Amino acid sequence: MWRPSVGIRTCVGALALAGAVAATATPLASANEPLPVPFGFFSGIALEATNPGGSVPGTNDFSCRPSAAHPDPVVLVHGTAANRQTNWGVLAPVLANEGYCVFALTFGNRTDQPWPISAAGGLAPLGDSAGQLSEFVDQVLTATGSSKVDLIGHSQGTTVSAYYAKFLGGDAKVSKIVSIAPLWDGSEVGPPEGVGGPDFDNATFVTELRDAGVYSDDVEYTNIVTRFDQVVVPYSSGILAASNASNIVVQDGCEQDLSDHIALVASARTATLTLNALDPSNPREVPCTRVLPIFG
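Treat the numbers as computed from the prediction; the structure is a model and nothing was measured.

Trainee: Would you mind showing me how to read the pairing of strand S4 (residues 174-180) here?
Mentor: The side chains of a regular strand alternate between the sheet's two faces. In terms of residue burial, S4 counts as a mostly covered element, since 7 of its 7 residues are buried. Here 6 bridges tie strand S3 (residues 149-154) to S4, and the two strands are oriented parallel to one another. Opposite Val149, over in S4, you have Val174 as the bridge partner. Handedness of the crossover joining S3 and S4 through helix H6 (residues 156-167): right-handed. Across 5 bridges, S4 lies against strand S5 (residues 220-225) in parallel orientation. Counted as the bridge partner of Val178 is Thr222 from S5.

If you want it as structure tokens, here you go:
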């Protein structure tokens, strides 16, 4: 279903070598300045390397109170082998700079293991991860006084978010779900043997969600996919039509964007498409720049 072999190597291997990346990372802004947005997936890995187990600057401030312009807090739901820092080095500061209250959790990781093994999330049964998301959303709603959140998921995080909305009562607590590289119809790429143990039956989880129709009637969905996805195969698995869903292929109108499964979550084009999905009444011009895949 997933391709954790790529994700695990990216997270654990890159963290082991991230000193060089961290050394070139953009310095953090002061409290009175916008947060820097270093486009590129490895910016999040640099953050994890320099602050193991921390949060991306601008996220997880439980004293944040949503504005009238952006009344719903945003919760970021990472992909396989990623966490609340490694997956969101780009989108987290983009959203915070726009005035959103931004929150991110790490789910499905081995908290009993030392870092960097503990930094790899999304390795537990997906039902357990959806339960963790449910608990985190409740914490966010209680802290902010909001009635609903918006969810942004990447890869496995899209399925966890959709399952939470469909089966765990999340449809009453979620306004919008933006899914980056979703796989509603599964993927021809399977997980390596032994990942998550004998109970790690994510194919059944995705089948259950698909058979139930994926979408919840009271939630607005946006799917952002790339033709060059090497994990969701075919990429069209992430396209699912409905009256409450929009489907976007990033290469439509921008052939020079060669984003693969990982690069997709860290590009300026995806960031702007996400902002437009969250706030469609104030659309931004979507940039088109050359983006290279992280894994060719």
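Further notes follow.
Trainee: Would you mind going over the packing of aromatic side chains with me for this structure?
Mentor: The relation between two aromatic rings is expressed through the spacing of the ring centres and the mutual angle of the planes. Applying the stated criterion to the full structure yields 7 aromatic pairs. Ring geometry for Trp184 versus Tyr215: centroids 6.5 Å apart, planes at 80°, classification edge-to-face. Of this pair, Trp184 sits in the loop between S4 and helix H7 (202-211) while Tyr215 sits in the loop between H7 and S5, and the two are 31 residues apart along the sequence. What makes Trp184 buried here is its relative accessible area of 3%. A connected cluster of aromatic rings, assembled from ring pairs, spans Phe62, Phe103 and Phe136.

Trainee: Explain the sheet that holds S4 to me, please; I cannot follow it from the model alone.
Mentor: Picture the strands of a sheet paired through backbone hydrogen bonds; they go either parallel or antiparallel. Read from one edge to the other, the open sheet built from 6 strands follows the order S2-S1-S3-S4-S5-S6, with strand pairing classed as parallel. For this open sheet the edge positions go to strand S2 (102-105) and strand S6 (245-249), each flanked by a neighbour on one side alone. Averaged over all adjacent pairs, the angle separating strand axes in this sheet is 15°, with direction ignored. Along the sheet face, helix H5 (residues 126-144) touches strand S1 (74-77), S2 and S3 and points at about 150° away from the line of S2. On top of the sheet, helix H8 (residues 268-278) reaches S1, S3, S4, S5 and S6; it is set at about 160° to S4, its chief contact.

Trainee: What am I meant to see in the packing of H6 against H7 here?
Mentor: Relative orientation of the contacting elements H6 and H7 amounts to 50°, with a least axis distance of 10 Å. As judged from the angle between their axes, H6 and H7 are oblique. Like other packed secondary-structure pairs, H6 and H7 cross with a definite hand, here left-handed. Of the residues in H7, those in contact with Thr159, Ala162, Tyr163, Lys166 and Phe167 of H6 are Phe205, Val206, Glu208 and Leu209. Considered class by class, the residues forming the contact of H6 with H7 number 6 nonpolar, 1 polar and 2 charged.

Trainee: Is there a simple way to think about the pairing of S3 in this case?
Mentor: Across the 6 residues of S3, 6 count as buried, placing the element largely inside the fold. Residues Val149, Leu151 and Gly153 of S3 are buried on one face, and the alternating residues Asp150, Ile152 and His154, pointing to the opposite face, are buried as well. As paired strands, S1 and S3 are joined by 4 bridges and run parallel to one another. Looking across to S3, one finds that Val75 is bridged to Leu151.

Basis of the calculations
- Residues numbered from 1 in each chain as written.
- Predicted model: local features only at pLDDT ≥ 70, side-chain atom pairs only at ≥ 80, totals over all residues.
- Heavy atoms only, no water.
- Buried < 20%, exposed > 50% of the residue type's maximum accessible area, 1.4 Å probe, protein only.
- Helix = DSSP H or I, 4+ residues; strand = E, 2+ residues; numbered from the N terminus.
- Pairing = 2+ DSSP bridges.
- Right-handed = clockwise from strand over helix to strand, strands pointing away.
- Phe/Tyr/Trp six-rings, centres within 6.5 Å; stacked < 30°, edge-to-face > 60°.
- Axes fitted to C-alpha atoms, helices over the stretch in contact; angles between N-to-C directions.
- Contact = heavy atoms within 4.5 Å.
- Parallel < 35°, antiparallel > 145°, perpendicular 65-115°, else oblique.
- Left-handed = near helix turned anticlockwise from the far one by under 90°.
- Nonpolar A, V, L, I, M, F, W, Y, C, P; charged D, E, K, R; others polar.

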